[in-house]
Amino acid sequence: MVDTPLCPLKVVTNLQEAVWDADIVVNGLPSTETREVFEELSKYWKERISVPVIISLAKGIEASLDPIPRIITPTQMISSAAGVPTENILYLGGPNIASEIYNKEYANARICGSTKWRKPLAKFLRQPHFIVWDNSDIVTHEVMGGLKNVYAIGAGMVAALTNESATSKSVYFAHCTSEMIFITHLLTEQPEKLAGPLLADTYVTLLKGRNAWYGQMLAKGELRLDMGDSIKGKGMIQGISAVGAFFELLSQPSLSVLHPEENKQVAPAELCPILKRLYRILIKRELPVGDILQALRDETMNDPRERIEMAQSHTFYRPSLLGKP
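Per an unreviewed UniProt entry, the protein goes by Glycerol-3-phosphate dehydrogenase [NAD(+)] and derives from Aegilops tauschii subsp. strangulata. The UniProt entry for the protein carries the following text under Sequence similarities (unreviewed entry): "Belongs to the NAD-dependent glycerol-3-phosphate dehydrogenase family."

If you want it as structure tokens, here you go:
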């Protein structure tokens, strides 16, 4: 942040001082650290008369497997950890790149949450170069914000391993978006409403996001998996933990779906070969990074269209994944 003009901001290093009487709190923490910090914040808010409004930027999820497999998002972590009502917590997501917003290049964002706060905050945040839309579906947008980081890592790998081959990258995009569409049909009854923001946010992340950069550096040998997921100068690579969470969640037998060709029940992860390979490369570390290309060249890999058609049959919706009855 050298040479960055910070006035009229006041920079503090004490957490209590930062949030004690704040009307709006912006959570810029990685999802892996959100719960712990907001448990600390709850101690400072016990004597407050009014509850702050919290805008979360975190991209990522936790997988809870007991008593039933379900996704826990950062806004849900904040609500349970800090005791803040869900209507006071919002999610702000892309499509955008932080450095481009900082340089005042054109950018979009979507703020999701209760009507009471999202519409006035969308207006408050909007700038000539920063267009902010609003949406009521906070949890699904949060989940998609974490999911696109998963596939962005693979996109970076493919780009580096194929010397930026346009065909390889486009084939990967077709396969990964078909898996994402399949997963959205597991999560919501009306996934079509997510198509625009999901694809736009995915596309910009694959082009220029830190997770795609991380995949490229792995494939080039400039980074190693044992260096961890916090990279100096880039911050937390949230796609790594998301790979583990999504795969472990979608591998649960209780979520099984009917395989359209083999006519037997399988865990949803078995119908997501790229997610499965990323898990074996990044989490289990039993395959080399270059093996991601086998997901594109495998003769048994179905046309992405077939997975989309299968998802659109609307037989896979699992409301329990988002904690719904």
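Asker: Please give an account of the sheet that holds strand β7 (residues 130–135) that cites residues and values.
Answerer: In spatial order, the strands read β1-β2-β5-β6-β7; together these five strands make up an open sheet with mixed pairing. For this open sheet the edge positions go to β1 (24–27) and β7, each flanked by a neighbour on one side alone. Each neighbouring strand pair of the sheet contributes to a mean axis angle of 25°, computed without reference to strand direction. By the bridge criterion, three bridges tie strand β5 (residues 89–93) to strand β6 (residues 107–112) in an arrangement that is antiparallel. In the sheet register, Y91 faces β6, and the bridge partner there is C112. Here helix α3 (residues 74–82) sits on the sheet and contacts β1, β2 (53–56) and β5; the angle it forms with β5, its principal contact strand, is near 155°.

Asker: Break down the packing of aromatic side chains for me, with residues and values.
Answerer: Enumeration according to the criterion identifies three aromatic pairs in this entry. Taking the centre distance of 6.2 Å and the plane angle of 75° together, the rings of F173 and Y203 count as edge-to-face. Here F173, found in helix α7 (residues 166–187), pairs with Y203, found in helix α8 (residues 195–208); they are 30 residues apart in sequence, far enough to count as distant. Residue classification places Y203 among the partly exposed residues on the basis of a relative accessible area of 49%. On the basis of an interplanar angle of 20° and a centroid distance of 4.1 Å, the ring pair of F247 and Y279 is categorised as stacked. Here F247, found in helix α10 (residues 238–250), pairs with Y279, found in helix α11 (residues 273–283); they are 32 residues apart in sequence, far enough to count as distant. Y279 carries the same exposure label as F247, and that label is buried. Taking NZ or CZ as reference, K234 lies 4.9 Å from the ring centre of W213, over its face.

What counts, and where the lines are drawn
Residues numbered from 1 in each chain as written. Predicted model: local features only at pLDDT ≥ 70, side-chain atom pairs only at ≥ 80, totals over all residues. Heavy atoms only, no water. UniProt positions renumbered as here; feature names shortened; annotations may be inferred. Pairing = 2+ DSSP bridges. Helix = DSSP H or I, 4+ residues; strand = E, 2+ residues; numbered from the N terminus. Axes fitted to C-alpha atoms, helices over the stretch in contact; angles between N-to-C directions. Contact = heavy atoms within 4.5 Å. Phe/Tyr/Trp six-rings, centres within 6.5 Å; stacked < 30°, edge-to-face > 60°. Buried < 20%, exposed > 50% of the residue type's maximum accessible area, 1.4 Å probe, protein only. Lys NZ or Arg CZ within 6 Å of the ring centre and 35° of its normal.

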